Amino acid sequence: MLLDNLQIEMFRPKCNPNFQSVHCVAHLDQDISGVLPYLNTAMGGGGDYIDSPPTLTLQIHGRLIALHAREIFVNALKDETEAEKIIDWLKKEINQTWEHRDTIEPTFDKPPAPQMIEILKLLPKTNCKECGEPTCMVFALRVIDEVKEPEDCPQLHPEMKIKLTAYLSRFHRES
Ligand code: SF4
(Lines give C-alpha, C1' and ligand atoms only; values in the text may rest on other atoms or scores of the structure.)
Protein backbone atom coordinates (compact mmCIF):
# COMPACT_ATOMS: atom_id res chain seq x y z
CA MET A 1 0.00 0.00 0.00
CA LEU A 2 1.42 3.39 -1.04
CA LEU A 3 -1.00 5.71 0.75
CA ASP A 4 -2.07 4.77 4.26
CA ASN A 5 -2.73 7.75 6.53
CA LEU A 6 -4.12 11.19 5.77
CA GLN A 7 -5.97 14.05 7.47
CA ILE A 8 -8.74 16.03 5.79
CA GLU A 9 -9.06 19.80 6.29
CA MET A 10 -12.12 21.71 5.01
CA PHE A 11 -12.07 25.40 3.99
CA ARG A 12 -14.17 28.00 2.17
CA PRO A 13 -12.79 29.97 -0.80
CA LYS A 14 -11.14 33.14 0.58
CA CYS A 15 -12.36 35.20 -2.41
CA ASN A 16 -16.01 34.65 -1.38
CA PRO A 17 -16.64 33.10 2.06
CA ASN A 18 -20.40 33.13 1.30
CA PHE A 19 -20.06 30.40 -1.36
CA GLN A 20 -22.25 27.42 -0.53
CA SER A 21 -19.63 24.96 -1.75
CA VAL A 22 -16.47 24.19 0.23
CA HIS A 23 -13.01 22.91 -0.68
CA CYS A 24 -10.86 20.34 1.05
CA VAL A 25 -7.19 19.48 1.31
CA ALA A 26 -6.02 16.03 2.39
CA HIS A 27 -2.60 16.08 4.08
CA LEU A 28 -0.83 12.80 3.26
CA ASP A 29 1.60 10.98 5.55
CA GLN A 30 3.19 9.27 2.50
CA ASP A 31 4.73 10.73 -0.70
CA ILE A 32 2.55 9.73 -3.70
CA SER A 33 4.55 11.49 -6.46
CA GLY A 34 5.68 8.15 -7.99
CA VAL A 35 2.12 7.04 -8.76
CA LEU A 36 0.93 10.24 -10.47
CA PRO A 37 1.81 9.46 -14.16
CA TYR A 38 0.39 5.94 -13.72
CA LEU A 39 -2.75 7.35 -12.10
CA ASN A 40 -3.08 9.72 -15.06
CA THR A 41 -3.33 6.66 -17.34
CA ALA A 42 -5.67 4.82 -14.98
CA MET A 43 -7.99 7.86 -14.96
CA GLY A 44 -8.16 7.97 -18.77
CA GLY A 45 -4.97 9.85 -19.61
CA GLY A 46 -6.64 13.27 -19.88
CA GLY A 47 -5.14 14.80 -16.75
CA ASP A 48 -2.64 17.63 -16.61
CA TYR A 49 0.65 16.16 -15.36
CA ILE A 50 3.58 18.37 -14.35
CA ASP A 51 6.95 16.77 -13.61
CA SER A 52 8.48 19.41 -11.37
CA PRO A 53 7.07 19.56 -8.79
CA PRO A 54 5.12 16.36 -9.47
CA THR A 55 1.46 17.37 -9.81
CA LEU A 56 -1.55 15.77 -11.47
CA THR A 57 -4.68 17.84 -12.03
CA LEU A 58 -7.89 16.04 -12.96
CA GLN A 59 -11.31 17.39 -13.90
CA ILE A 60 -13.95 14.88 -12.86
CA HIS A 61 -17.69 15.63 -13.00
CA GLY A 62 -17.07 19.38 -13.01
CA ARG A 63 -14.78 19.18 -10.02
CA LEU A 64 -11.09 20.05 -9.93
CA ILE A 65 -8.82 17.53 -8.18
CA ALA A 66 -5.13 18.44 -7.77
CA LEU A 67 -2.79 15.71 -6.50
CA HIS A 68 0.63 16.73 -5.17
CA ALA A 69 3.36 14.68 -3.45
CA ARG A 70 1.85 15.12 0.03
CA GLU A 71 -1.48 16.89 -0.57
CA ILE A 72 -4.70 16.39 -2.49
CA PHE A 73 -6.99 19.39 -3.16
CA VAL A 74 -10.65 18.97 -4.16
CA ASN A 75 -12.99 21.90 -4.93
CA ALA A 76 -16.76 22.45 -5.18
CA LEU A 77 -17.85 20.07 -2.42
CA LYS A 78 -21.22 20.00 -0.64
CA ASP A 79 -19.84 19.12 2.78
CA GLU A 80 -17.28 17.10 4.73
CA THR A 81 -19.13 13.81 4.10
CA GLU A 82 -18.76 14.27 0.36
CA ALA A 83 -15.09 15.21 0.82
CA GLU A 84 -14.41 12.03 2.82
CA LYS A 85 -16.16 9.92 0.17
CA ILE A 86 -14.08 11.39 -2.69
CA ILE A 87 -10.78 11.22 -0.78
CA ASP A 88 -11.50 7.62 0.20
CA TRP A 89 -12.19 6.77 -3.48
CA LEU A 90 -8.96 8.51 -4.55
CA LYS A 91 -6.99 6.64 -1.90
CA LYS A 92 -8.29 3.31 -3.26
CA GLU A 93 -7.47 4.36 -6.86
CA ILE A 94 -3.96 5.46 -5.85
CA ASN A 95 -3.22 2.19 -4.04
CA GLN A 96 -4.70 -0.03 -6.78
CA THR A 97 -2.78 1.86 -9.47
CA TRP A 98 0.46 1.61 -7.49
CA GLU A 99 -0.08 -2.11 -7.01
CA HIS A 100 -0.55 -2.65 -10.78
CA ARG A 101 1.97 -0.06 -12.03
CA ASP A 102 4.07 -2.75 -13.78
CA THR A 103 1.17 -3.29 -16.20
CA ILE A 104 0.35 0.42 -16.76
CA GLU A 105 2.01 2.74 -19.29
CA PRO A 106 2.53 6.10 -17.53
CA THR A 107 1.07 9.21 -19.20
CA PHE A 108 3.21 12.34 -19.00
CA ASP A 109 1.65 14.37 -21.82
CA LYS A 110 -1.65 16.16 -21.75
CA PRO A 111 -3.85 16.05 -24.88
CA PRO A 112 -4.97 19.45 -26.20
CA ALA A 113 -8.04 20.59 -24.31
CA PRO A 114 -9.91 23.85 -23.66
CA GLN A 115 -8.55 25.76 -20.67
CA MET A 116 -10.88 26.56 -17.76
CA ILE A 117 -9.52 30.09 -17.35
CA GLU A 118 -10.15 30.92 -21.04
CA ILE A 119 -13.78 29.76 -20.75
CA LEU A 120 -14.27 31.61 -17.46
CA LYS A 121 -13.07 34.87 -19.05
CA LEU A 122 -16.05 34.73 -21.45
CA LEU A 123 -18.69 33.83 -18.83
CA PRO A 124 -20.68 36.50 -16.90
CA LYS A 125 -19.00 35.45 -13.60
CA THR A 126 -22.13 36.29 -11.57
CA ASN A 127 -22.41 32.80 -10.04
CA CYS A 128 -26.20 33.11 -10.42
CA LYS A 129 -26.66 29.29 -10.54
CA GLU A 130 -29.30 29.48 -13.33
CA CYS A 131 -27.34 26.86 -15.25
CA GLY A 132 -27.73 24.43 -12.36
CA GLU A 133 -24.07 24.73 -11.31
CA PRO A 134 -22.91 26.39 -8.06
CA THR A 135 -20.45 28.78 -9.75
CA CYS A 136 -19.32 29.94 -13.19
CA MET A 137 -16.02 28.14 -12.56
CA VAL A 138 -17.78 24.81 -12.08
CA PHE A 139 -19.83 25.54 -15.22
CA ALA A 140 -16.56 26.11 -17.13
CA LEU A 141 -15.24 22.74 -15.94
CA ARG A 142 -18.51 21.09 -17.02
CA VAL A 143 -18.06 22.64 -20.47
CA ILE A 144 -14.58 21.11 -20.66
CA ASP A 145 -16.10 17.75 -19.66
CA GLU A 146 -18.67 18.29 -22.48
CA VAL A 147 -21.49 17.93 -19.99
CA LYS A 148 -22.54 21.59 -20.54
CA GLU A 149 -22.56 23.74 -23.67
CA PRO A 150 -22.44 27.56 -24.08
CA GLU A 151 -26.23 27.68 -24.57
CA ASP A 152 -26.73 26.16 -21.11
CA CYS A 153 -25.78 29.53 -19.54
CA PRO A 154 -28.93 31.71 -19.86
CA GLN A 155 -26.94 34.80 -18.78
CA LEU A 156 -24.33 34.48 -21.52
CA HIS A 157 -24.27 37.51 -23.84
CA PRO A 158 -24.79 36.48 -27.53
CA GLU A 159 -21.42 37.99 -28.49
CA MET A 160 -19.66 36.00 -25.75
CA LYS A 161 -21.57 32.88 -26.82
CA ILE A 162 -20.16 33.23 -30.34
CA LYS A 163 -16.66 33.76 -28.95
CA LEU A 164 -16.95 30.76 -26.61
CA THR A 165 -18.30 28.51 -29.37
CA ALA A 166 -15.44 29.60 -31.63
CA TYR A 167 -12.89 28.94 -28.88
CA LEU A 168 -14.28 25.44 -28.19
CA SER A 169 -14.32 24.60 -31.90
CA ARG A 170 -10.50 24.81 -31.90
CA PHE A 171 -10.36 21.53 -29.95
CA HIS A 172 -11.29 18.05 -31.01
CA ARG A 173 -14.58 17.42 -29.26
CA GLU A 174 -17.31 14.80 -29.59
CA SER A 175 -19.97 17.38 -30.56
S1 SF4 B 1 -25.88 30.58 -15.52
FE2 SF4 B 1 -24.02 31.46 -16.41
S3 SF4 B 1 -23.61 33.24 -15.12
FE4 SF4 B 1 -24.99 31.92 -13.97
S5 SF4 B 1 -23.66 30.59 -12.73
FE6 SF4 B 1 -24.10 29.50 -14.62
S7 SF4 B 1 -22.39 30.03 -15.94
FE8 SF4 B 1 -22.39 31.54 -14.31
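Parameters and conventions
- Residues numbered from 1 in each chain as written.
- Predicted model: local features only at pLDDT ≥ 70, side-chain atom pairs only at ≥ 80, totals over all residues.
- Heavy atoms only, no water.
- Helix = DSSP H or I, 4+ residues; strand = E, 2+ residues; numbered from the N terminus.
- Buried < 20%, exposed > 50% of the residue type's maximum accessible area, 1.4 Å probe, protein only.
- Contact = heavy atoms within 4.5 Å.
- Domains from an automatic or database assignment.
- Buried area = accessible area lost by both parts, 1.4 Å probe.
- Salt bridge = Lys/Arg side-chain N within 4 Å of Asp/Glu carboxyl O.
- Polar contact = N/O pair within 3.5 Å; in protein donor to acceptor, adjacent residues only side chain to side chain.
- Nonpolar A, V, L, I, M, F, W, Y, C, P; charged D, E, K, R; others polar.
- Expected span 1.5 Å × (residues − 1).
- Pairing = 2+ DSSP bridges.
- Axes fitted to C-alpha atoms, helices over the stretch in contact; angles between N-to-C directions.

(A) Just the side chain of Asn 40, in detail. Summarising the element assignment, Asn 40 is placed in helix 1 (residues 36-42). For Asn 40, a relative accessible area of 0% puts it in the buried group. Leave out the neighbours within four places in its chain, and Asn 40 touches Gly 45, Gly 46, Gly 47, Tyr 49, Leu 56 and Thr 107.

(B) Quick peek at the domain arrangement of the protein chain. Segmenting the protein chain into domains produces domain 1 (6-103) and domain 2 (116-169). With centres defined by C-alpha atoms, the gap from domain 1 to domain 2 works out at 24 Å. Of the roughly 750 Å² buried between domain 1 and domain 2, counting both surfaces, carbon and sulfur atoms make up 61%. At the boundary of domain 1 with domain 2, the tally comes to zero salt bridges. In this structure, the connection of domain 1 to domain 2 is made through zero residue pairs in polar contact (both at pLDDT 80 or more). At the level of secondary structure, the elements contributing two or more residues to the side of domain 1 that touches domain 2 comprise strand 4 (55-60), strand 5 (63-67) and strand 6 (71-77). Each residue belonging to the side of domain 1 that touches domain 2 can be placed in one class, and the counts come to four nonpolar, five polar and one charged.

(C) Spotlight on helix 2 (residues 80-99). In this model helix 2 runs 28 Å from its N-terminal to its C-terminal C-alpha over 20 residues, within 8% of the 28 Å that 1.5 Å per residue would give. Along helix 2, the residues classified as buried are Glu 82, Ala 83, Ile 86, Ile 87, Leu 90, Ile 94, Asn 95 and Thr 97. Elements in contact with the buried residues of helix 2: strand 1 (6-11), strand 2 (22-28), helix 1, strand 5 and strand 6. Capping the start of helix 2 is the job of one residue whose side-chain oxygen sits 3.2 Å from the backbone nitrogen of Thr 81: Asp 79.

(D) Structural detail: the sheet that holds strand 6. Ordered by their spatial adjacency, six strands build an open sheet running 1-2-6-5-4-3, and the pairing between neighbours is antiparallel. Only two strands of the sheet have a single partner each, and these edge strands are strand 1 and strand 3 (48-50). Between one strand axis and the next, the sheet turns through 15 degrees on average, direction left out of account. Two strands pair when backbone bridges link them, and strand 2 and strand 6 are joined in this way by five bridges, in the antiparallel orientation. Counted as the bridge partner of Val 22 is Leu 77 from strand 6. The strands that helix 2 touches are strand 1, strand 2, strand 4, strand 5 and strand 6; relative to strand 6, the one it contacts most, it runs at about 140 degrees. Along the sheet face, helix 4 (residues 136-144) touches strand 4, strand 5 and strand 6 and points at about 105 degrees away from the line of strand 6.

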